[in-house]
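# Descriptive analysis of the structure
The primary structure of each chain is shown beneath.
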Amino acid sequence: MRTIDLSPLYRTFIGVDRMASLLDSLETTEQGGFPPYDIEVIRENQYRISLAVAGFQREELTIEQENNQLRVSGVKQVSSKDTNYLYQGIARRNFERRFQLADHVEVRSADYRDGLLHIDLVREIPEAMKPRKITIGTAQPLGALIDG
């Protein structure tokens, strides 16, 4: 695997240590391909994750958001029936899938229908962090404000 040296960034950028740890976690996290999923952009700052979880009941699925990580898991209840399959192509195994969310992205809703689990996400930037326009006026020098 490739290793990226981010040490030059530490000299000029503040806070890239978090970015470096995110990159490291992406490199070490291997989740496999189950369940398959889509990520779509609904409109600006609105997203949807759709997971194909056929064979699971609502009660067997869990969605948790902690800080900037979304965890979706499914635990299949043990069936008391002994089914004799000729061919079993529907995966009914337990799973856990994690998604790293950007800052200020939160889960708004989740819906399960037709074997698909849809998770709607919204990014809401706080007013204090949004760009604001500063008007240019004729202000007193800063020293006059402090002395006065």
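From a predicted model like this one, the values you see are computed outputs, not experimental measurements. (Residues numbered from 1 in each chain as written. Predicted model: local features only at pLDDT ≥ 70, side-chain atom pairs only at ≥ 80, totals over all residues. Heavy atoms only, no water.)

### Topic: the sheet that holds strand E3 (residues 61-66)
An order of E3-E4-E5 is seen for the 3 strands of this open sheet, with the pairing classed as antiparallel. The open sheet has two edge strands, E3 and strand E5 (95-100), and neither has a second partner. Between one strand axis and the next, the sheet turns through 15° on average, direction left out of account. Examined bridge by bridge, E3 and strand E4 (residues 69-74) share 6 bridges and lie antiparallel to one another. When the sheet's bridge partners are listed, Gln65 is paired in E4 with Leu70. (Pairing = 2+ DSSP bridges. Helix = DSSP H or I, 4+ residues; strand = E, 2+ residues; numbered from the N terminus. Axes fitted to C-alpha atoms, helices over the stretch in contact; angles between N-to-C directions.)

### Considering the nonpolar core
Residues Val53, Leu70, Val72, Leu117 and Ile119 are the most contacted members of the largest nonpolar core, which totals 16 residues. Contributing elements (two or more residues each) for this core: strand E2 (46-52), E4, E5, strand E6 (105-113) and strand E7 (116-123). Residue contributions to this core peak at 3 residues, all from E7. The residues touching Val53, leaving out its near neighbours within four places in the chain, are Pro35, Leu61, Phe95, Tyr112, Gly115 and Leu117. (Core = buried A, V, L, I, M, F, W, Y, C linked by side-chain atoms within 4.5 Å. Buried < 20%, exposed > 50% of the residue type's maximum accessible area, 1.4 Å probe, protein only. Contact = heavy atoms within 4.5 Å.)

### Notes on the packing of aromatic side chains
In this structure the tally under the stated criterion is 3 aromatic pairs. Here the aromatic rings of Phe34 and Phe95 are separated by 5.9 Å at their centres, their planes lie at 85°, and the arrangement is edge-to-face. Note that Phe34 is positioned in the loop between helix H2 (16-28) and strand E1 (37-43) and Phe95 in strand E5, a separation of 61 residues in sequence. Side by side, Phe34 and Phe95 carry an identical accessibility label, which is buried. With 5.4 Å between their ring centres and 85° between their planes, Phe56 and Phe95 make a pair best called edge-to-face. Taken together, the positions of Phe56 in the loop between E2 and E3 and Phe95 in strand E5 put the pair 39 residues apart, joining distant regions of the chain. Given the relative accessible area of 7%, Phe95 is considered buried. (Phe/Tyr/Trp six-rings, centres within 6.5 Å; stacked < 30°, edge-to-face > 60°.)

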